[in-house]
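Remarks on the overall topology
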Amino acid sequence: MEPVKVGLLGLGTVGGGTVNVLARNGEEIARRAGRALVIAKAFTRSPDKPRICDLSGIEQVTDPWQVVNDPQIAIVAELIGGTDIARELVLGAIERGKHVVTANKALIALHGNEIFARASEKGVMVAFEAAVAGGIPIIKVLREGLAGNRIEWLAGIINGTGNFILTAMRDQGRDFDDVLAEAQRLGYAEADPTFDVEGIDAAHKLTILAAIAFGIPLQFDKVYTEGITRITQEDVRYAEELGYRIKHLGIARRRENGVELRVHPCLVPARRLLANVDGVMNAVVVKGDAVGPTLYYGPGAGAEPTASAVVADLVDVVRTMTADPENRVPHLAFQPDALSDLPPLPMAAVETAYYLRLRVADRPGVLADVARILADENISIEAVIQKEPQPGQTDVPLIFLTHRVREQAFDAALARITALDSVKAPPYRIRLETLE
Ligand SMILES: NC(=O)c1ccc[n+]([C@@H]2O[C@H](COP(=O)([O-])OP(=O)(O)OC[C@H]3O[C@@H](n4cnc5c(N)ncnc54)[C@H](O)[C@@H]3O)[C@@H](O)[C@H]2O)c1
Ligand SMILES: N[C@@H](CCO)C(=O)O
Ligand code: NA
């Protein structure tokens, strides 16, 4: 049989890794797919740039439409990123009856509803395993492996760059900007790294995971998103003292009247497996009603780990391209006309515990004032740490851990605490999950 011709858009970290993995494992991949896969054409903006891969036998073009318009190409792999030109090219490929593989979570989270609808009309597949948690096959897990379950919640470390930074801050006490620069050099970070450190990339991924887990539409604008830039070395140390680690999590939890969708730093008990996922590794815990808690762990970013998912999607597409489109696995796990209208809940309705760091005047009665405000809002205290003042300083850090409470009640207490004369700097709170 003729090989299946693939067109690549983008020859950066993921594109280069994909060329390498296909070249190295091509023979085995053909035995799995039933046909050989060849990269016939690749678009790149700068053909003279040094690459991590060998491009012999691949026609390089500097106009991406030369890939999308080529009638010989059956599958387009979009590895450019962003939501402008990538959206045009993906929709263009679908229009021309081509299957699409993409690593682009921003594109799927923001435009997936439109893209999947067009793909279904045209009878083509859009595969996006590389878009979430890099090399971990989490899309396949949720869409196929756990299809018998009602998913109760999932929680994951789904940004490799952020976890790499938090791990280096904890283990080596290193400076934030310095570690971010290293993550960029290693090809982990997004083109705009604020997407990593402000939680936007994780929110893109959580949008996709929640849609597939609960059978709801992709709703990126409903995800509460907070990054890791306000976490200090002190927070990392106090968390350790209290028996916790700070991780940046994406959490989707089914509640009676809706779903919680949130991305934020989180204290996690140090004994939990998730608390021990370090560096660029990602991990997702999924709790299904039948299977119970399950954990998926692996590299969340980098050239070949991500290419592993891209190539698996290429194999999947080749295996099913001759199947009746009606009988393929649905893009978002549930049939498109069978999605639920379970609404994303506002943050005020979320229930969680808290770590609260205050800087207060070193005088009697301050701890009691804060404790009284928390009691007024029915918030029970789990632990307190009060530190001695540093030489020459009149303020001291005061740390509280609370029990679970509605965010609305915590916010009300926090506003009153912030207004106290004795509170000397804006308080910082980190949510805390026991993940049970
Ligand atoms: N790097 C990773 O570890 C990783 C992991 C999973 C998913 N992703 C996703 O994969 C995609 C590619 O990421 P990457 O890390 O390979 O990026 P990269 O910057 O290394 O490569 C992107 C390629 O696309 C080209 N490109 C970018 N913007 C363009 C534009 N506007 N017009 C034309 N060409 C353009 C670049 O020249 C380059 O060849 C992104 O969607 C990213 O979110 C990356
Ligand atoms: N920038 C992303 C790439 C993988 O999606 C990360 O660090 O996780
Ligand atoms: Na994946």
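What you see is a predicted model, and the numbers here were worked out from it, not measured in a lab.

What about the overall build of the protein?
Broken down by element type, the protein carries 13 helices and 17 strands. The globule rule puts the C-alpha radius of gyration for 436 residues at 22 Å, and the 24 Å found for the protein is close to it. Principal-axis analysis of the C-alpha atoms gives the protein an extent of 80 × 45 × 35 Å. Burial analysis of the protein (436 residues in total) assigns 46% to the buried set.

A short note on the site of ligand 1
Around ligand 1 there are 25 residues in total, and G10, G12, G81, A103 and A301 lie nearest to it. Counting residues per element, the shell around ligand 1 draws most heavily on helix α1 (residues 13-33), which supplies 3 residues. When its residues are assigned to classes, the shell around ligand 1 shows 10 nonpolar, 12 polar and 3 charged. Composition of the shell around ligand 1 by domain shows at least three residues from each of domain 1 (4-135 + 304-337) and domain 2 (138-301).

Structural notes on the nonpolar core
Counting 140 residues, the largest nonpolar core has L154, L206, L209, A210, A252 and V310 as the members making the most contacts within it. The element contributing the most residues to this core is helix α9 (residues 200-214), with 11 residues. When near neighbours in sequence (up to four residues on either side) are disregarded, L154 contacts L209, A213, A252, V284, V285 and V286.

Details of the confidence of the model for the protein
Low pLDDT marks stretches whose predicted atomic positions should not be read closely. Looking at the protein, the pLDDT average stands at 96 and 100% of residues meet or exceed 70. Both confidence scores are given for the complex: pTM 0.97, ipTM 0.99.

Quick word on the environment of L166
Here L166 shows up in helix α6 (residues 160-172). For L166, a count of 24 C-beta atoms within 10 Å corresponds to the buried category. Along the chain, L166 and F176 lie 10 residues apart, while their C-alpha atoms are 8.3 Å from each other. Excluding residues within four positions of it along the chain, L166 makes contact with I228, I246, K247 and H248.

Quick look at the site of ligand 2
Close contacts around ligand 2 come from G134, N159, G160, T161, Y188, A189, E190, D196, D201, G300 and A301, and that covers them all. In the shell around ligand 2, the residues fall into 3 nonpolar, 5 polar and 3 charged.

Thoughts on the UniProt feature "binding site: L-homoserine" (unreviewed entry) in the protein
With numbering matched to this structure, UniProt assigns "binding site: L-homoserine" (unreviewed entry) to E190. Following the sequence through the fold, E190 ends up in the loop between α7 (176-185) and α8 (194-197). When the 20 C-beta atoms within 10 Å are taken as the criterion, E190 is described as buried. In this structure, E190 is in contact with F195, D196 and D201, ignoring residues within four places of it in sequence.

Definitions and limits used
Residues numbered from 1 in each chain as written. Chains lettered and ligands numbered in written order. Predicted model: local features only at pLDDT ≥ 70, side-chain atom pairs only at ≥ 80, totals over all residues. Helix = DSSP H or I, 4+ residues; strand = E, 2+ residues; numbered from the N terminus. Rg over C-alpha atoms; globule rule 2.2 N^0.38 Å. Buried ≥ 20, exposed ≤ 12 C-beta atoms within 10 Å, placed from the backbone. Near = placed C-beta within 6 Å. Nonpolar A, V, L, I, M, F, W, Y, C, P; charged D, E, K, R; others polar. Domains from an automatic or database assignment. Core = buried A, V, L, I, M, F, W, Y, C linked by C-beta atoms within 7 Å. Contact = placed C-beta atoms within 7 Å. pLDDT = per-residue confidence, 0-100. UniProt positions renumbered as here; feature names shortened; annotations may be inferred.

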